[in-house]
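The chain contents come next:
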Amino acid sequence: AEHGVDAVAFDYLGRTAGPGEREGDFEHMPPVGQTPWAGLSADISAGAAFLRSPAGGSARSLFTIGFCFGGRLAYLSSTLGLDIAGVCAFYGWPVGASRNDTPAPADVAGEMHASVLGIFGGADAAITKDIVEAFERSLRAAGVDHRIVTYPNAPHSFFDRKAAESADASAAAWDETMTFVRAHTAA
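Residues numbered from 1 in each chain as written. Predicted model: local features only at pLDDT ≥ 70, side-chain atom pairs only at ≥ 80, totals over all residues. Heavy atoms only, no water.

K.L.:
What is the right way to read the pairing of strand 1 (residues 63-67) from this model?
P.N.:
If a strand is regular, its side chains alternate between the two faces of the sheet. Side chains Thr-64 and Gly-66 project from strand 1 onto a buried face, and the interleaved Phe-63, Ile-65 and Phe-67 project onto a face without burial. Here 5 bridges tie strand 1 to strand 2 (residues 86-90), and the two strands are oriented parallel to one another. Looking across to strand 2, one finds that Ile-65 is bridged to Cys-88. Crossover connection from strand 1 via helix 4 (residues 69-77) to parallel strand 2: handedness right-handed. (Buried < 20%, exposed > 50% of the residue type's maximum accessible area, 1.4 Å probe, protein only. Helix = DSSP H or I, 4+ residues; strand = E, 2+ residues; numbered from the N terminus. Pairing = 2+ DSSP bridges. Right-handed = clockwise from strand over helix to strand, strands pointing away.)

K.L.:
Explanation requested: the nonpolar core in the structure shown.
P.N.:
Buried together is how nonpolar side chains tend to be arranged in soluble globular proteins. Of all hydrophobic cores here, the largest spans 45 residues; its most connected members are Tyr-75, Ile-119, Phe-135, Leu-139, Tyr-151 and Phe-158. Counting only elements with at least two residues in this core, the list comes to helix 3 (37-52), helix 4, strand 2, strand 3 (115-121), helix 5 (129-142), strand 4 (146-151) and helix 6 (167-184). Other than its neighbours up to four places away in sequence, Tyr-75 contacts Val-87, Ala-89, Gly-92, Pro-94, Pro-105, Met-112, Val-116, Leu-117, Gly-118, Phe-120 and Phe-135. (Core = buried A, V, L, I, M, F, W, Y, C linked by side-chain atoms within 4.5 Å. Contact = heavy atoms within 4.5 Å.)

K.L.:
How should the sheet that holds strand 3 be read in this particular structure?
P.N.:
By way of backbone hydrogen bonds, the strands of a sheet pair with one another, either parallel or antiparallel. As summarised here, the arrangement of the 4 strands in space is 1-2-3-4, forming an open sheet in which the pairing is parallel. Where the open sheet ends on each side, the last strands, each with one partner, are strand 1 and strand 4. Neighbour to neighbour, the strand axes of the sheet diverge by 10° on average, direction disregarded. Note: strand 2 against strand 3, 5 bridges, orientation parallel. Looking across to strand 3, one finds that Phe-90 is bridged to Ile-119. (Axes fitted to C-alpha atoms, helices over the stretch in contact; angles between N-to-C directions.)

K.L.:
Please explain helix 6 as it appears in this structure.
P.N.:
Each α-helix turn comprises 3.6 residues. Residues three or four places apart therefore point the same way. With 18 residues, helix 6 should cover 26 Å at 1.5 Å per step; its first-to-last C-alpha distance of 26 Å lies within 8% of that length. All buried positions along helix 6 are accounted for by Ala-169, Ser-170, Ala-173, Glu-176, Thr-177, Met-178, Phe-180 and Val-181. Contact partners of the buried residues in helix 6: strand 1, strand 2, strand 3 and strand 4. (Expected span 1.5 Å × (residues − 1).)

Take a look at the structure:
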């Protein structure tokens, strides 16, 4: 574990798409729509409990990180009463209805109890500047400690699926993430 940080990664779609390898042409949207917030929040809570246990490293500072659907879940993890130090969401959809029953992060900003780092691509055709600004307004109105960063020419998925095409934005976003984690980690 780098910097003394242990991690848990779990397959959000394991219950609906089944376990195992998924190829690049995997159709992920149907299983996403079948993942209830109750199950997802139970998984997040179980992961946090494990990381706080001796077997999980007795973590004092927990962070959630996610990309797109996982980014939305990272935001929402801060509403679960898990004493999370921070959430980092890469292009997590912050407003409106989802394909499943997860609430919109902007709608529950008043229930967020963690610092928020929201990372977006300025060339994202779906999560537009107006959407990012609306989310930031909701965080500010709720008094949530936050930092929103937009990389001007980066598309959606610039850090994962399109990382090779967006190497500079990806490197900068990772530096931003590590700075955020260091700043919010208990001494």
